[in-house]
Amino acid sequence: MAQAKIHAKMNEAACSKFSRTLSMADRSGRLLESLDQLEMRVEALRDAASAMEQERESILEMIQSVQNSQEMRNICSGEREELTLTANRLMGRTLSVEISIGTIRNPQQEEALQKATSVIDEIVKKLLSDMEGARQQLLALHAACVTEAPPVPIDQKFQAIVISCALEDQKKIKRRLETLVRNTENAEKNIKIMDHQKLEDTKANGGH
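All values derive from a computational prediction rather than experimental measurement.

The rules we used
- Residues numbered from 1 in each chain as written.
- Predicted model: local features only at pLDDT ≥ 70, side-chain atom pairs only at ≥ 80, totals over all residues.
- Heavy atoms only, no water.
- Helix = DSSP H or I, 4+ residues; strand = E, 2+ residues; numbered from the N terminus.
- Buried < 20%, exposed > 50% of the residue type's maximum accessible area, 1.4 Å probe, protein only.
- Contact = heavy atoms within 4.5 Å.
- Areas by Shrake-Rupley, 256 points an atom, 1.4 Å probe, with all protein chains shown as cover.
- Patch = residues over 30% accessible without salt bridge, like charges linked within 9 Å, V, L, I, M, F, W, Y side chains within 5 Å.
- Salt bridge = Lys/Arg side-chain N within 4 Å of Asp/Glu carboxyl O.
- Lys, Arg positive; Asp, Glu negative; His and termini not counted.
- Charge placed at Lys NZ, Arg CZ, Asp CG, Glu CD.
- Axes fitted to C-alpha atoms, helices over the stretch in contact; angles between N-to-C directions.
- Parallel < 35°, antiparallel > 145°, perpendicular 65-115°, else oblique.
- Left-handed = near helix turned anticlockwise from the far one by under 90°.
- Arc of directions from axis to C-beta.
- Polar contact = N/O pair within 3.5 Å; in protein donor to acceptor, adjacent residues only side chain to side chain.
- Core = buried A, V, L, I, M, F, W, Y, C linked by side-chain atoms within 4.5 Å.

*Asks:* Which residues make up the overall build of the protein chain, and what values go with them?
*Replies:* Scanning the protein chain from N- to C-terminus turns up seven helices and zero strands. Each helix and strand of the protein chain, placed in order from N terminus to C terminus, yields the pattern α-α-α-α-α-α-α. Considering the protein chain as a whole, with its 208 residues, one finds that 21% of them fall into the buried category. Taking the contacts inside the protein chain whose residues are at least 6 apart along the sequence as the reference set, 69% of them involve residues at least 24 apart. In the structure as shown, the protein chain presents an accessible area of about 15,300 Å², 58% of it carried by carbon and sulfur atoms.

If you want it as structure tokens, here you go:
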């Protein structure tokens, strides 16, 4: 009789332990599911912030394009002053929007980002003295950041540096280069337009 009670107690303890194990597994599963859902929301949040960051960059670039456009030069000084004030106000309001997306990097990725930034900065310094040469270098750097076969030579050294960067940094480097290439192309167009206009004015004045 006593032995039967002992066996019953052991079975009861085993069943109780098994039930607790299942309950813990259920709780763990629910917690894991909650964390999975939160991870998706975190990624959606970062994507939304990144989209806002790109929109901010795009707006700033468009404002600068308007400020430096040939149309702005061709209007009367009073209208130009009013439009410049509006553009400056929009620029200030856009710059007041601060978006910060932190990127987790290991030491190698941090070093690669610094190298890539330094390479681009050095070319930017050359824009005033040799715009066309600097533009060609920027195109070669941009070619190193795209997957499709580019129509220009690739800077192999820069490509190796970019590959060593964090994925988010790679995207930002590519965007920066795209913006710089667009800006240099627009600047060259404006210079050609101004030069052509100067030539036309000279002809109109009898070549003097």
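That was the structure; now back to the text.
*Asks:* Run through a negative patch on the surface, naming residues and quoting values.
*Replies:* A contiguous patch of negative charge, built from Glu33, Asp36, Glu39, Glu43 and Asp47, is present on the exposed surface. With respect to the helices, strands and loops of the structure, Asp36 is situated in helix α1 (residues 2-67).

*Asks:* How would you explain the packing of helix α4 (residues 107-125) against helix α5 (residues 131-143) if you had to name every residue and give the values?
*Replies:* One way to put it is that α4 packs onto α5 with a least axis distance of 9 Å and a crossing angle of 160°. When the interaxial angle is binned, α4 and α5 end up roughly antiparallel. The interaxial crossing formed by α4 with α5 has left-handed handedness. For the pair α4 and α5, the contacting residues are Val119, Ile120 and Ile123 in the first and Ala134, Gln137, Leu138 and Leu141 in the second.

*Asks:* How would you summarise the environment of Asn106 if you had to cite specific residues and measurements?
*Replies:* Considering the arrangement of structural elements, one finds Asn106 in the loop between α3 (77-95) and α4. When the C-alpha atoms of Asn106 and Ala166 are compared, they prove to be 8.5 Å apart, with 60 residues separating the residues in sequence.

*Asks:* Summarise helix α6 (residues 156-163); cite the residues concerned and give the values.
*Replies:* Of all the residues in α6, the buried ones are Phe158, Ile161 and Val162. End-on view of α6: buried residues confined to an arc of 95°, all on one side of the axis. Residues of α6 that are exposed and point over 90 degrees away from its buried face: Gln156, Lys157 and Ile163. Two or three places before Lys157, at the start of α6, stands the capping residue Asp155, its side-chain oxygen 3.3 Å from that residue's backbone nitrogen.

*Asks:* Tell me about the side chain of Arg135, and name the residues and values.
*Replies:* Structurally, the position occupied by Arg135 is in helix α5. The buried category is assigned to Arg135, whose relative accessible area is 14%. Of the polar contacts made by the side chain of Arg135, one reaches the side chain of Glu185; its length is 3.5 Å. Those residues in contact with Arg135 that sit more than four places away from it in its chain are Thr184, Glu185 and Glu188.

*Asks:* Can you explain the nonpolar core? Please cite residues and give values.
*Replies:* Ranked by internal contacts, the top residues of the largest apolar core, which has 20 residues, are Ile120, Leu138, Leu141, Cys145, Phe158, Ile173 and Leu177. Elements with a contribution of two residues or more to this core: α4, α5, α6 and α7 (167-204). A per-element tally of this core places α4 first, with five residues. Ignoring anything within four residues of it in the chain, the contact list for Ile173 reads Leu113, Ala116, Ile120, Cys145, Phe158, Val162 and Cys165.

*Asks:* Kindly report on the pattern of salt bridges, identifying the contributing residues and their values.
*Replies:* A complete count under the given rule lists 11 salt bridges for this structure. Across the salt bridge formed by Asp121 and Arg176, the nearest N and O atoms sit 2.7 Å from each other. With Asp121 in helix α4 and Arg176 in helix α7, this residue pair connects regions lying 55 residues apart in the sequence. Note on Asp121: relative accessible area 30%, which makes it partly exposed. Given the relative accessible area of 31%, Arg176 is considered partly exposed. Connected through shared salt-bridge partners, Glu53, Glu57 and Arg175 make up one network.

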